[in-house]
Amino acid sequence: MQRRDFIRNAAVAGAGLLIAPQGIFGADAPSNKLNLALLGVGGRGKAHFDSIGAHNVAALCDVRESALAQGAQRFPQARTYLDWRKLLDDHKKLGLDAVVCCTADHHHALIANGCINRDLHCYMEKPLAITVEEARSVRANWLAKKTKLATQVGMQRHALANFNRVREKILDGAIGELKSASAWGNRKLPRAGYWPAAGEPPKGFHWDLWLGPAPDHPYSPEYFSYTGTPRGNCTLWNMFWDFGVGQVGDMGSHTMDLLWNGVDAKLPASAEAKGEKFNPDVTPVECAMHFEHPANTWRGPISVAWYQGGLLPKSPRNFIDLEKIDHGVMFKGSQGFLIASFENHLVLPYGKEADLTYYKPRPKEKLLPPVGHFQEQWLAACKNPSLKTACDFEYSSEMIEQMLLGLVAYRVGKKLNYDGTTGKVTNHAAANALLGRNYRAGWPLNG
Ligand SMILES: NC(=O)c1ccc[n+]([C@@H]2O[C@H](COP(=O)([O-])OP(=O)(O)OC[C@H]3O[C@@H](n4cnc5c(N)ncnc54)[C@H](O)[C@@H]3O)[C@@H](O)[C@H]2O)c1
């Protein structure tokens, strides 16, 4: 039996483990730990140190030698790599079970596919993908292996109790029949264009590997907080088309998750978007997207919207100032509105009577189970992939595919009809050319 099969069988045996003598099969026993790799150590990667630290961190990868040196202080046993492709090539030698990825966004889908294609569990920081084609490719690969691989996208706010409470209220009819849902985020990070060349990368910073699949760009320290620019991390590079998708992928991943969790949507039948003038270098600050979603088993068709850069849905009452909710969601039903931030929500029933007699809150014992610790939910599923994770690559890829299609609609300035089965726009040939992107030689999407 291979080591990883042993871990899986041991996890499935469950209760049997608990009565085994401690030190042989206990939670800390070497046989019960996963062999993990962390890609992208220096920024968000640090937030994962504690949860992966309970396992064996066998390999670290960063394009900056200084970040690798910092990671090696915490995980001295780990082999270090500058190029994630080499690390994945060595996965058997390293005995890897799973990968946590916190690199720049334009590597995400390639790494997710690289993991799935090598039968490695994968925790991918958001956004899972930066094109429609990428989202679909990762989903197709994972669906073929979902019974044996655990996946999670880093939308960790999903573990907040409010996510369950909002979903319960929508499902239980607190606002009647669901008609529409809107999410918004007000972060504004305008840029004129890619930064002009400004000196050489610092020693030990492998800029060419950072660019990876992206077209060549001159180096500038403006892209990075660790080269002297004030703190900003991913918000210094993720608005440039070749490196990210701006607020759609950044806070949009988190906020659309709060909406998506309440509506059980799949892929939209159409997308329409308006925003500031298109800039070929930089994703828009101001943009509003509208999608039509077909009915599902518990509701009729709904419209879904995303607003960013200060744009907002219309508030249902002038005493509710949506601007005060930086990242929020509003659901509209046949009986009223539900407005939510990540942590709280309020129900606003229609009419003067507003007696809520149409709605019966569920009893305590029927409340949705808490997600628990978000990263650990995935780690547990790596040992026993029959356990569901909250933001697996199916849920997360469909959510981001919708938003990425919205960016294509913004670029062409037309309402697009979309066939989610084939992944094709059916009424605008040129839009189909924008569903994917080109990759530099040596960086295939599905390697
Ligand atoms: N879930 C969250 O709340 C959350 C919060 C912050 C960032 N993030 C995500 O984490 C990712 C990283 O963001 P950040 O703010 O840490 O960015 P960052 O630029 O500050 O740090 C990224 C780190 O990864 C390294 N890196 C980048 N590309 C790499 C590659 N191809 N191979 C190996 N190492 C690479 C960098 O050298 C750096 O050490 C982004 O995708 C971002 O969206 C998620």
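Structural notes, computed from the coordinates. (Residues numbered from 1 in each chain as written. Predicted model: local features only at pLDDT ≥ 70, side-chain atom pairs only at ≥ 80, totals over all residues.)

Description of the site of the ligand
Thought 1: Lining the immediate environment of the ligand, one finds 26 residues, of which Gly 40, Gly 42, Gly 43, Asn 233 and Cys 234 sit closest.
Thought 2: Class assignment for the residues of the shell around the ligand results in 10 nonpolar, 10 polar and six charged. (Near = placed C-beta within 6 Å. Nonpolar A, V, L, I, M, F, W, Y, C, P; charged D, E, K, R; others polar.)

Observations concerning the environment of Glu 200
Thought 1: Turning to its location among the elements, Glu 200 is positioned in the loop between strand 7 (178-185) and helix 10 (207-211).
Thought 2: The exposed category is assigned to Glu 200, around which 10 C-beta atoms lie within 10 Å.
Thought 3: The spatial distance from the C-alpha of Glu 200 to the C-alpha of His 254 is 35 Å, given a sequence separation of 54 residues. (Helix = DSSP H or I, 4+ residues; strand = E, 2+ residues; numbered from the N terminus. Buried ≥ 20, exposed ≤ 12 C-beta atoms within 10 Å, placed from the backbone.)

Some words on the nonpolar core
Thought 1: Ranked by size, the top nonpolar core spans 104 residues in total, and within it Ala 37, Val 99, Ala 112, Cys 122, Leu 128, Met 289 and Leu 404 carry the most contacts.
Thought 2: Look past the residues within four positions of Ala 112 in its chain and what remains in contact with it is Cys 122, Met 124, Leu 128, Val 138 and Phe 393.
Thought 3: Within the second largest apolar cluster, 13 residues are counted, among which are Trp 210, Phe 240, Trp 241 and Phe 243. (Core = buried A, V, L, I, M, F, W, Y, C linked by C-beta atoms within 7 Å. Contact = placed C-beta atoms within 7 Å.)

Some details on the sheet that holds strand 1 (residues 35-39)
Thought 1: Here we have six strands laid out as an open sheet, ordered 3-2-1-4-5-6, and parallel in their pairing. Strands at the two margins of the open sheet, each flanked by one partner only, are strand 3 (79-81) and strand 6 (151-153). With strand direction ignored, the average angle separating the axes of adjacent strands in the sheet is 15°.
Thought 2: The pairing of strand 4 (residues 98-101) with strand 5 (residues 121-124) spans four bridges and is parallel. Its bridge partner being in strand 5, Val 99 is matched across the sheet by Cys 122.
Thought 3: Running over the sheet, helix 4 (residues 65-74) touches strand 1, strand 2 (56-61) and strand 3 and is turned about 170° from strand 2. (Pairing = 2+ DSSP bridges. Axes fitted to C-alpha atoms, helices over the stretch in contact; angles between N-to-C directions.)

Here's the deal with the packing of helix 9 (residues 161-171) against helix 11 (residues 251-263)
Thought 1: Between helix 9 and helix 11, whose axes approach to 8 Å, the crossing angle comes to 35°. Judged by the twist between their axes, the crossing of helix 9 over helix 11 is right-handed. Along its contact with helix 9, which presents Phe 163, Val 166, Arg 167 and Ile 170, the element helix 11 presents Leu 258, Asn 261 and Gly 262.
Thought 2: Grouping the amino acids of the contact of helix 9 with helix 11 by side-chain chemistry returns four nonpolar, two polar and one charged. (Left-handed = near helix turned anticlockwise from the far one by under 90°.)

Re the pairing of strand 2
Thought 1: With five of six residues buried, strand 2 lies mostly within the body of the structure.
Thought 2: Looking at chain direction, strand 1 and strand 2 are connected through five bridges and run parallel. Within the sheet, the bridge partner assigned to Asn 35 lies in strand 2 and is Asn 56.
Thought 3: Pairing geometry for strand 2 and strand 3, over three bridges, is parallel. Note that in strand 3 the partner of Leu 60 across the bridge is Thr 80.
Thought 4: Considered for its hand, the β-α-β crossover made up of strand 2, helix 4 and strand 3 is right-handed. (Right-handed = clockwise from strand over helix to strand, strands pointing away.)

Observations regarding the environment of Pro 294
Thought 1: With respect to the helices, strands and loops of the structure, Pro 294 is situated in the loop between strand 9 (287-293) and strand 10 (302-308).
Thought 2: When the C-alpha positions of Pro 294 and Leu 267 are compared, they lie 8.5 Å apart, and in sequence the two are 27 residues distant.
Thought 3: When sequence neighbours within four positions are dropped, the list of residues in contact with Pro 294 reads Ala 269 and Pro 301.

Comments concerning helix 7 (residues 108-117)
Thought 1: Summarising burial for helix 7: nine of the 10 residues are buried, a large majority.
Thought 2: Every buried residue belonging to helix 7 is among His 108, Ala 109, Leu 110, Ile 111, Ala 112, Asn 113, Gly 114, Cys 115 and Ile 116, and all of these are buried.
Thought 3: Structurally, helix 7 contributes buried residues whose contacts are with strand 1, helix 5 (84-89), strand 4, strand 5, helix 8 (132-143) and helix 13 (393-412).
Thought 4: Phi for Asp 119, located one or two positions after helix 7, is positive at around 60°.

Quick look at the pairing of strand 13 (residues 345-349)
Thought 1: Sheet topology note: the strand 12 (residues 336-340)/strand 13 ladder contains five bridges and is antiparallel. Across the sheet, the residue bridging to Ala 340 is His 345, located in strand 13.
Thought 2: Adjacent in sequence and paired antiparallel, strand 12 and strand 13 are bridged by four residues.

Some details on the sheet that holds strand 15 (residues 424-425)
Thought 1: On the basis of which strands lie adjacent, the open sheet formed by nine strands has the order 13-12-11-7-10-9-8-14-15 and mixed pairing. Only two strands of the sheet have a single partner each, and these edge strands are strand 13 and strand 15.
Thought 2: Pairing analysis gives seven bridges linking strand 9 to strand 10, with the strands arranged antiparallel. Within strand 10, the position partnered with His 290 by the bridge is Ala 305.
Thought 3: Packing of helix 9 onto the sheet brings it into contact with strand 7, strand 11 (327-333), strand 12 and strand 13, and relative to strand 12 it is tilted by some 170°.
Thought 4: Across the sheet, helix 11 is in contact with strand 7, strand 10, strand 11 and strand 12; its angle to strand 7 comes to roughly 165°.

Side note on unusual backbone geometry
Thought 1: Looking along the chain, the bond that leaves Lys 126 and enters Pro 127 is cis, with omega of -5°.
Thought 2: Within the secondary structure layout, Pro 127 lies in the loop between strand 5 and helix 8.
Thought 3: One non-glycine residue, Asp 119, lies in positive phi territory at about 60°.
Thought 4: A positive phi angle, near 40°, is found at Ala 354, a position not held by glycine.
Thought 5: Among the structural elements, Ala 354 can be located in the loop between strand 13 and helix 12 (374-383).
Thought 6: Here Ala 354 falls in the exposed class, since 12 other C-beta atoms lie within 10 Å of it.

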